[in-house]
Amino acid sequence: MIGKENLPKSINFLQPVLRPYDIWSNAYQWMFEIGKYMLIAVELIALGVFVSRFVLDAKNTDLTKDINTQVALLSGGNWKQDSITYENLQGLLVDVQKIDKGQQINSVIINEVRNGIPTGVDLETFSFNNGRVSINMQTTDFKAFRDYESAIKNNPSYNKVSFNTTKNGSIYEIRVNFIIDGFDDN
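Residues numbered from 1 in each chain as written. Predicted model: local features only at pLDDT ≥ 70, side-chain atom pairs only at ≥ 80, totals over all residues. Heavy atoms only, no water.

Caption draft 1: Region of the structure containing the overall build of the protein. Looking only at helices and strands, the protein has 4 helices and 4 strands in total. When the helices and strands of the protein are read in sequence order from the N terminus, they spell out α-α-α-β-β-α-β-β. Pairs at least 24 apart in sequence give 40% of the contacts found in the protein among residues at least 6 apart. If you sum the accessible surface of the protein, you get close to 15200 Å²; carbon and sulfur atoms cover 59% of it. (Helix = DSSP H or I, 4+ residues; strand = E, 2+ residues; numbered from the N terminus. Contact = heavy atoms within 4.5 Å. Areas by Shrake-Rupley, 256 points an atom, 1.4 Å probe, with all protein chains shown as cover.)

Put into structure tokens, the structure is as follows:
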């Protein structure tokens, strides 16, 4: 039935032109009638893929350059160091916040004790731990020392006051120990 389809019309009365019946002739005829359009379509698709590859590569290159520029900017010395400093400060603030909750503020008590020391007496060491105060002082003014001793002993906020005094030449070395009354040692 392949060969009996449309016969070409011819005015030649000698022999009618017939379609060939062998496979090679059919393949040759199909290739030049239908296959050439398929080949053109495949070439157009390949050309479209080729052009789109250039466009996508150009976009990829631009994005890579932008990313590398931003990475270089962020990994610069100042940004990196500032980020580390910021993280350290955040950690420190979290630690301070944890300590601040329920922490008793001792600065007022310490300031009161230190301000009670007269000007003629030199403070050598000062220790404060859970309401216990230990002070080492030196002075050449015995009257200033006696006034300070009586002020500490007469203060109702201080308990178990003890003074230890030694004299080296004209210098009095004084050690004072006492407990602050009502100190909450949580």
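Still more to cover.
Caption draft 2: Main features of the packing of aromatic side chains. Scanning the entire structure with this criterion turns up 6 aromatic pairs. Summarising the aromatic geometry, the rings of F50 and F54 are spaced 4.9 Å apart at their centres and angled 85 degrees between planes, so their arrangement reads as edge-to-face. Here F54 and F50 lie together in helix α1 (residues 23–74), a separation of 4 residues that amounts to about one turn. Taken together, the aromatic side chains of F142, F145, F163 and Y172 make up a single cluster linked through ring pairs. (Phe/Tyr/Trp six-rings, centres within 6.5 Å; stacked < 30°, edge-to-face > 60°.)

Caption draft 3: Fine view of the pairing of strand β3 (residues 158–168). Sheet topology places β3 next to strand β4 (residues 171–180); 9 bridges connect them, and they run antiparallel. Each bridged residue has a counterpart across the sheet, and for K167 the counterpart in β4 is Y172. Between the end of β3 and the start of β4, which pair antiparallel, lie 2 residues, with G169 showing a positive phi angle near 70 degrees. (Pairing = 2+ DSSP bridges.)

Caption draft 4: A look at the pattern of salt bridges. The final tally for this structure, using the stated rule, is 4 salt bridges. Across the pair D57 and R53 runs a salt bridge whose closest N-O atoms are separated by 2.9 Å. Residue D57 and its partner R53 are located together in helix α1, separated by 4 residues, close to a single helical turn. Residue class for R53 comes out exposed when judged on its relative accessible area of 54%. Measuring nitrogen to oxygen at the nearest pair gives 3.2 Å for the salt bridge that ties D147 to K143. Separated by 4 residues within a single helix, D147 and K143 lie in helix α4 (residues 142–154), roughly one turn from each other. A relative accessible area of 43% places D147 in the partly exposed class. A cluster of three or more residues bridged by salt bridges with shared partners is formed by R146, E149 and K153. (Salt bridge = Lys/Arg side-chain N within 4 Å of Asp/Glu carboxyl O. Buried < 20%, exposed > 50% of the residue type's maximum accessible area, 1.4 Å probe, protein only.)

Caption draft 5: Region of the structure containing a nonpolar patch on the surface. Taken together, the side chains of Y37, I40, L44, L47, F50, V51, F54 and V55 make up a nonpolar region of the molecular surface, amounting to roughly 840 Å² of accessible area. Of the residues examined, F54 reaches a relative accessible area of 52% and is grouped as exposed. (Patch = residues over 30% accessible without salt bridge, like charges linked within 9 Å, V, L, I, M, F, W, Y side chains within 5 Å.)

Caption draft 6: Layout of the sheet that holds strand β1 (residues 121–129). Spatially, 4 strands are ordered β1-β2-β4-β3 in an open sheet, and the strand pairing comes out antiparallel. Strand pairing shows two members of the sheet lacking a second neighbour, β1 and β3, which therefore form its edges. Going from strand to strand, the sheet's axes swing by 15 degrees on average, the running direction of each strand aside. Across the sheet, helix α3 (residues 107–115) lies against β1, β2 (132–139), β3 and β4, angled at about 155 degrees from β1, the strand it touches most. (Axes fitted to C-alpha atoms, helices over the stretch in contact; angles between N-to-C directions.)

Caption draft 7: Highlighting unusual backbone geometry. Its identity as a non-glycine residue notwithstanding, N130 has a phi of 50 degrees, on the positive side. Positive phi values are uncommon outside glycine, yet K160 reaches one of about 50 degrees. Positionally, K160 belongs in strand β3.

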